[in-house]
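Spelled out, the chains give:
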2 protein chains.
Amino acid sequence: MTSSGTRADAGLATGLRISVSRLARRLRVERTAPGQAEPVLSDTQFAALATLEKHGAMSPGELAGHERVQPPSMTRVIAALEEWQLVTRAAHASDRRQVVLTVTPAGRELVARARRRRDAWLARRLNELTPQERATLRAAAPILEKLSQS
Amino acid sequence: MTSSGTRADAGLATGLRISVSRLARRLRVERTAPGQAEPVLSDTQFAALATLEKHGAMSPGELAGHERVQPPSMTRVIAALEEWQLVTRAAHASDRRQVVLTVTPAGRELVARARRRRDAWLARRLNELTPQERATLRAAAPILEKLSQS
DNA sequence: TATTGTTATACTCTATAACTATA
DNA sequence: TATAGTTATAGAGTATAACAATA
């Protein structure tokens, strides 16, 4: 029956939406370590740094587009990241209007530490599951990824 | 081998973290309908309303605790929800310091509409998957739920 | 005195508008 | 003229501190 299939998917959609939203919120909390001797970045600051670390050097305008914020907002984000010496600014080779942003080794390390921290939290939780539950999640991860891209 | 098992989980943690975070972000976008003739609530306002709708009448202090914001912040959230006639305030029966918040039918409807909108988006995406992929997600949902609670 | 909630105030984040420098 | 970026300014959202009402 088509209607039963649709109804089953409606239930699946609700359940999946709730569980995915909750887990994401829980993961976000783990972004910063409590009482760590490292600058506490805001969501946008961290996301910008991570994007720069992943995609390599780019201009403030490109980075603003990536992060879906307006250029003036990115200006302030960059100023903070620069003050903490997580990124550096350089003049563009041929177009002197443009600025080229590059992640410093310290910035790269901060991103890596934050990732390790969240992965470690999740890995600990995963270790409490049965092998079969882990197998299910291993199969589910790429499907979830596909869903977010559509 | 223990080390290989651990390494596999580390990879699973990273992949699952990324896919769950991305899907949650995509779902959050669907909270508001474009160009709808209904008030556009902020994340906190919507979350507070949804909590009240789910758990029933409670005081501002309790609601602030639920949503992990400070009482003064909740005061402002409630003022907005009250202005849009999504919640009502009443005096507590025995303790006159307290205020009792209740969702109005309009508030209940707004929450239901937002849920239906997000569920509909996700259900459409799920319909594009194979039956086997849906089965995997059906098995994964409760496991994800369990992870977020630990 | 302790508790509940509100008001006063400040800080952070983001946006739009106006400006500067360069193409 | 158009583009890249910054500065000026305003509007949300949230926090802490101080206050009022009630227990």
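In the block above lies the structure referred to throughout.
Residues numbered from 1 in each chain as written. Chains lettered and ligands numbered in written order. Predicted model: local features only at pLDDT ≥ 70, side-chain atom pairs only at ≥ 80, totals over all residues. Heavy atoms only, no water.

Here we look at the protein's contact with DNA strand D
Let me state the cut-off plainly: We call a residue near a molecule or strand when any one of its heavy atoms sits within 4 Å of it. Identification of polar contacts relies on pairs of N or O atoms within 3.5 Å, with a donor-acceptor requirement for protein atoms, meaning one able to donate a hydrogen and the other able to accept it, and with residues adjacent in sequence counted only if both atoms are side-chain atoms. Only DSSP runs of H or I reaching four residues or more are called helices, and only runs of E reaching two or more are called strands; each is numbered from the N terminus. Ten residues, namely Ala, Val, Leu, Ile, Met, Phe, Trp, Tyr, Cys and Pro, are considered nonpolar, four, namely Asp, Glu, Lys and Arg, are considered charged, and the remaining ones, Gly among them, are considered polar.
Residues in contact with DNA strand D amount to 21 residues; listed here are only the nearest, Thr75, Arg89 and Arg97 of chain A together with Thr44 and Ser73 of chain B. In DNA strand D, atoms within 4 Å of the protein come from the sugar-phosphate backbone in 63% of cases. A distance of 3.0 Å separates a phosphate oxygen of DNA strand D from a polar atom in the backbone of Gly61 of chain A. Here a phosphate oxygen of DNA strand D and a backbone polar atom of Gln70 of chain B are 3.0 Å apart. Of all the elements in the fold, those that place two or more residues in the surface near DNA strand D are helix H3 (60-67) and helix H4 (71-83) of chain A together with helix H4 (71-83) of chain B. Among the residues making up the surface near DNA strand D, the classes are represented as 6 nonpolar, 9 polar and 6 charged.

Re the protein's contact with DNA strand C
Close to DNA strand C lie 21 residues; Thr44 and Ser73 of chain A together with Thr75, Arg89 and Arg97 of chain B are nearest. Sugar and phosphate atoms form 67% of the subset of DNA strand C atoms that lie within 4 Å of the protein. Interatomic distance of 2.3 Å between a side-chain N/O atom of Thr44 of chain A and a phosphate oxygen of DNA strand C. One of the backbone N or O atoms of Val99 of chain B is found 3.2 Å from a phosphate oxygen in DNA strand C.

A closer look at the side chain of Glu145 of chain A
Basically, it comes down to this: Residue contacts are counted whenever heavy atoms from the two residues lie within 4.5 Å of one another.
Its location among the elements puts Glu145 of chain A in helix H6 (residues 131-149). In contact with Glu145 of chain A, not counting residues within four places along its chain, are Ile18, Ser19 and Arg22 of chain B.

Quick word on the packing of helix H2 (residues 43-55) of chain A against H3 of chain A
Residue and element names in this part refer to chain A. What counts here: To get an axis, fit a line to the C-alpha atoms, keeping to the stretch in contact for a helix; angles then go from 0 to 180 degrees between the N-to-C directions. Small angles under 35 degrees read as roughly parallel and large ones over 145 as roughly antiparallel, with 65 to 115 read as roughly perpendicular and the rest as oblique. In this scheme the handedness of a crossing depends on how the near helix is turned from the far one: anticlockwise by less than a right angle means left-handed, clockwise means right-handed.
Contact geometry of H2 with H3 gives a least axis separation of 10 Å together with a crossing angle of 110°. It follows that H2 is roughly perpendicular to H3 by the angle criterion. H3 is crossed by H2, and the crossing has right-handed handedness. Together, Ala47, Ala48, Thr51, Leu52 and His55 of H2 and Leu63, His66 and Glu67 of H3 make up the contact between the two elements. When grouped by side-chain class, the residues that make up the contact of H2 with H3 number 4 nonpolar, 3 polar and 1 charged.

What is shown is where atoms sit, not what they do.
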